[in-house]
Each structure stands twice: as structure tokens, then as C-alpha cells.
Amino acid sequence: MANPSLNDITPFNYPGSKDNQPLLISGPCSVESEAQYVETALRLAKTGKVHWLRGGIWKPRTRPDAFEGVGEKGLPWMIKAREASGLPVMTEVANAKQVELCLNHGIDALWIGARTTVNPFTVQEIADAVRGVDIPVFIKNPVNPDLALWLGALERIQRAGITQIAAIHRGFSHVGDSIYRNKPMWEIPIALRTAYPNISLICDPSHICGRRDLLQNVAQKAMDLGFNGWMIESHINPDAALSDAAQQITPEALDALIEAIEVRQMRSDDMTFAHQLQSLRSRIDKVDEEIIHLLGKRMHITEELGQFKKEESVTIFQIDRWKEILESRTLLAEQVGLSKEFITKYLEQLHKESIRTQTRVMNNTQSKAK
Ligand code: PEP
Ligand code: MN
């Protein structure tokens, strides 16, 4: 039989999924003690908003002296919390042994962490360990911004026969300053959604933000972009948490955060809305057509320019002209309300294409291939 495709994945099933309620997974970064985990579970259940409980049993910490989780003895505490709260429980697995322990203890779902998704050998090991058991598996994006690795992990788990699969966006590591612990790089989950519209996409604002004050905005943005839910860390005493203290919030703060979310639907049946949307979209269509015609016109002038420079044996790249274009266009763009970042990216693409076109003219080749 042919391998299944990510196109065949059906949206994640959970209580509330039928009426399009966003999926909410919450719980502490780490399971620390039975009392801590059970109390968190009860307080989260009380909000009436949480569908699944999370809790890290084995913690992948960057440095060896950090808290690395309570290990196997915490699994029965999770089961107790499930019995007390009525909510299913999930934990992170990073090897076959951990999968086996979770299955033996009756954990309801598993997730693969960002540091594991980067390694196809480990993902395959986990896939082989879950083969034949249709347990839901959530797959976090790899730490590095590589969509193919994320897709590869989803495919490996799907090929092991798992049908309940969801992708978790937890941001990406980066160089340089950022307000985020892991940069969201929204274009990557958007590319995943574009390629495979049926895959459930869950946002993990906690690991993106690394701090409490940014959570609300990131959670709202995920909703605005059509994500299917969130995984948000919650602790009964966040400041005293043994891992990821700065990003955890109390169950009551989580309740308030979700309450404040502006819930958006993918579409609306309102006729007036549909009509106005259509009218705005046709205006955008017209503007796009004009832009494309103008770009074509600009590129034809570039071709003439290439010919002209060729005849005079002048270089294609002219640093002064490029600087002048960047400055004057950025200024103009700012005047009409476009961001510097956007216009710079646009100009860089345009300049690259202009150089490519002139190079083609100079080399006198007919091919338009890149
Ligand atoms: C976690 O969920 O606590 C965790 C370790 O996440 P990530 O794999 O996203 O770093
Ligand atoms: Mn964490």
C-alpha cells in the first residue's frame, strides 16, 4: 500500500472540535510533585476552557545542571491528575524507552519536542515505538527554521499509522536580539498550512515568548492567523517553577488570557460582510494587476539599460545608484505608510531581478531561466 500523505491527515478531534472551539492544552512546563500537578489540573479544569493537560516528565535542558524532570515516578501523578480533573494528559517523549513507559502507564497523548524534531533518527525511533498504537501525537517545530524537517517528522509519525496528529508552532532559535525567546517566524507555520490545509496547527506562545507579558499578543495573533488552538504553560506558583518560570502563568491568569481573546472564524455567512469582502477583494485584484504591469514595464526598461551598459562596457552594479534608490524609495514609502522593513525587502528582490536581467542581456543569452 502506498504511504499515506500529509494531505490525508484529518483535523484533530477533541471535545469542542465539532463546534470549532480552539483546542487548549495547558499545564506546567514540568511535573514537579504529585501535589503540584494535581492542584494545577484541578484549577485548570475549573476554568472550563482546557481540553488537555500537559506536563514535562523528562526535560530537555540545555545545561546538565538544570532540572531535568522527575522521570518515570511522575507518570502515576499525571494519571491521578486525570482522574481528579477528568482531563486527558500528555507529555513529551524523546526516545523509545520514554514512549514505552508512557504507554504502560496509560498516558493519553504524546508530544515530540523541538530538540527532537531536528533529528530524523530519533523521530523514526519514536515512530517505530508508537507503531500499532493509535495514540495522538503532537509534533513541535524543529528548533531551527526548517519546514522540511517539521514535515519529515509529521510524515514519519503518520507512516507509523498514527491518525491523530497535530503540529505545534513554538518558534525558532535565532542569532541577534529579539524580544522573543524563540522567534515566531509566522511565515513557516503559514507555509505548512498552505501546503497541507487539513493539519491542525497549535501555537505555543509560552516557548515563543519566554516571558508572561507577551503571551496575550502572540496567542491573539495565532487566532488571527487561523491556528486551531494553543499550548500554554500554567503553574500554581509560576515564580517558583523548576523550569521556564518566567513564561508560566497561574490557571486563573490563563483563564483571563483566553477570556480576552477575540475569537475569529475562518469565514462568515453574513451576506453584507460577504458582499463588502468581495468588493474590497476586487479592488485589491485591480491594484495587483496594475502593479504587475508596472513591474513588467520596469523590467523592460532594465533590459534596455543592460544593453546600454553593455555597449559602453559599464558594470551592472552601481553602488551609488543602488544607495540612492534605497534612500529615495524608503522615504517615499514611509510617506505613504509602508514600513521600512517591507520596502527594503521589496527593493532587494527588485534589485536582484534587475541584476539578473541585465546579466542575461550582457551575456546575450536568450534563456530566462534562473
Ligand atoms: C516544553 O514544552 O516544555 C518544551 C521543552 O518545549 P520545546 O520542545 O518547545 O522547547
Ligand atoms: Mn517549558
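Within every chain, residues take consecutive numbers counted from 1 along the sequence as written. As they are written, the chains are lettered A onward and the ligands numbered 1 onward, keeping that order. Thresholds applied to this predicted model are a pLDDT of at least 70 for local features of residues and 80 or more for the giving and counting of side-chain atom pairs; totals over whole chains, interfaces and linings are not thresholded and use all residues. With hydrogens and water excluded, all non-hydrogen atoms of the structure serve as input to the side-chain values.

Let us now look at the environment of Asp244. When you line up the elements, Asp244 lands in the loop between strand E8 (229-233) and helix H10 (251-259). Exposure categories follow from relative accessible area, calculated using a 1.4 Å probe and restricted to protein chains: below 20% of the type maximum is buried, above 50% is exposed, and the middle band is partly exposed. Judged by relative accessible area, which is 12%, Asp244 ranks as buried. Two residues form a contact once any of their heavy atoms are found within 4.5 Å. Residue contacts for Asp244: discarding those within four places in its chain leaves Cys29, Arg61, Arg181, His207 and Glu233. Under this definition, polar contacts are N or O atom pairs within 3.5 Å; protein pairs additionally need one hydrogen-donor-capable and one acceptor-capable atom, and for neighbouring residues in sequence, both atoms have to be side-chain atoms. Polar side-chain contacts of Asp244 include one of 3.2 Å to the side chain of Arg181. Here the side chain of Asp244 touches His207 through a polar contact of 3.0 Å, side chain to side chain. We count a stretch as a helix when DSSP gives it H or I for four or more residues in a row; a strand needs E for two or more, and each element gets its number in order from the N terminus.

What follows covers the nonpolar core. The term nonpolar core refers to a set of buried residues drawn from Ala, Val, Leu, Ile, Met, Phe, Trp, Tyr and Cys, joined through side-chain atoms within 4.5 Å. If you look at the biggest cluster of nonpolar residues, it comprises 68 residues, and the most contacted ones within it are Ile139, Leu154, Ile157 and Trp230. Every residue in contact with Trp230, bar those within four places of it in the chain, is listed here: Pro22, Leu23, Leu24, Ile25, Ile202, Cys203, Pro205, Ala219, Ala222, Met223, Ile258 and Ile261.

As a further point, take the site of ligand 1. Looking at ligand 1, there are 13 residues lining it, with Arg54, Lys59, Ala114, Lys140 and Arg170 nearest. Between ligand 1 and Ala114, the relevant distance is 2.8 Å, taken from an oxygen atom to a main-chain nitrogen or oxygen of the residue. At a separation of 3.1 Å, an oxygen atom of ligand 1 approaches a polar side-chain atom of His207. For each structure, a 1 Å grid was placed over the protein atoms alone; sets of points admitting a 1.4 Å probe that cannot get out are labelled cavities, open sets with protein on both sides within 12 Å along at least five of seven lines are labelled pockets, and lining residues have an atom within 4 Å of a point. Pocket or cavity membership: a molecule qualifies when more than half of its atoms sit within 2 Å of the grid points of that site. The cavity that encloses ligand 1 is the largest cavity. Residue composition of the shell around ligand 1, grouped by class: 3 nonpolar, 2 polar and 8 charged. We call a residue near a given molecule or strand whenever any one of its heavy atoms falls within 4 Å of it. Put simply, Ala, Val, Leu, Ile, Met, Phe, Trp, Tyr, Cys and Pro go in the nonpolar bin, Asp, Glu, Lys and Arg in the charged bin, and everything else, Gly too, in the polar bin.

With that settled, the discussion passes to a nonpolar patch on the surface. Residues Val336, Leu338, Phe342 and Tyr346 make up a contiguous nonpolar surface patch of roughly 380 Å² in combined accessible area. By secondary structure assignment, the location of Val336 is in the loop between helix H12 (319-335) and helix H13 (340-363). Each patch is built from salt-bridge-free residues with over 30% relative accessible area, joining like charges within 9 Å and nonpolar side chains (Val, Leu, Ile, Met, Phe, Trp, Tyr) within 5 Å. Methods summary: accessible areas were calculated by the Shrake-Rupley approach with a probe of 1.4 Å, and residue burial reflects only the protein chains presented. Counted as salt bridges are all cases of a side-chain nitrogen of Lys or Arg within 4 Å of a carboxyl oxygen of Asp or Glu.

With that out of the way, let us pick up the state of the cysteines. Two cysteine sulfur atoms form a disulfide, by the criterion used here, when they sit within 2.5 Å. Summed over all chains, the structure comprises 0 disulfides. Considering cysteine sulfurs only, Cys29 is the nearest to Cys102, which forms no disulfide, with 16 Å between them. Cys203 provides the cysteine sulfur closest to Cys209, a residue in no disulfide bond, and the two sulfurs are 7.8 Å apart.

It is worth spelling out helix H3 (residues 96-105) at this point. Turning to H3, its buried residues number three or more, namely Gln98, Val99, Leu101 and Cys102. Take H3 and look down its axis: the buried residues cluster within an arc of 165 degrees, on one side only. Along H3, the residues that are exposed and aim more than 90 degrees away from the buried face are Lys97 and Asn104. In this structure Asn95 caps H3, since a side-chain oxygen of it lies 3.2 Å from the backbone nitrogen of Lys97. Along the arc lie the directions from the helix axis toward the C-beta atoms.

In this section: the side chain of Thr40. One can find Thr40 in helix H1 (residues 34-47). A residue is classified by how much of its surface remains accessible, and Thr40, at 1% relative accessible area, is buried. Beyond its immediate stretch of four places on either side in the chain, Thr40 contacts Pro28, Ser234, Ile236 and Pro251.

Considering all chains together, one arrives at 18 salt bridges under this definition. Lys80 is the partner of Glu34 in a salt bridge, and the nearest nitrogen-oxygen pair spans 3.4 Å. Placement of Glu34 in helix H1 and of Lys80 in helix H2 (residues 75-85) is noted, with a sequence separation of 46 residues between them. As a salt-bridge pair, Glu303 and Arg360 come within 3.4 Å of each other at their nearest N and O atoms.

This part covers the layout of surface pockets. Grid points are joined across faces, edges and corners, and a volume is the space filled by probe spheres set on the points. Each pocket or cavity is described by its volume, and for the largest pocket that value is around 580 Å³. Considered class by class, the residues forming the lining of the largest pocket number 12 nonpolar, 9 polar and 3 charged.

All right, on to the environment of Ser328 then. Mapped onto the secondary structure, Ser328 falls in helix H12. Classification of Ser328 by relative accessible area gives partly exposed; the value is 30%. Between the C-alpha atom of Ser328 and that of Thr163, which follows or precedes it by 165 residues, the distance is 54 Å.

This brings us to the coordination of the manganese ion (ligand 2). Water is not among the atoms examined, so metal sites may look incomplete; donors are the N, O and S atoms within 2.8 Å of the metal, or within 3.2 Å for Na, K and Ca. Donor atoms from the polypeptide that bind the manganese ion (ligand 2) are Cys29 (SG), His207 (NE2), Glu233 (OE) and Asp244 (OD), placed at 2.1 to 2.4 Å. Taken in chain order, the donor set of the manganese ion (ligand 2) reads C-x177-H-x25-E-x10-D. With Cys29 in the loop between strand E1 (23-27) and H1 and Glu233 in strand E8, this residue pair connects regions lying 204 residues apart in the sequence. For the pair shown, Cys29 and Glu233 are each scored as buried.

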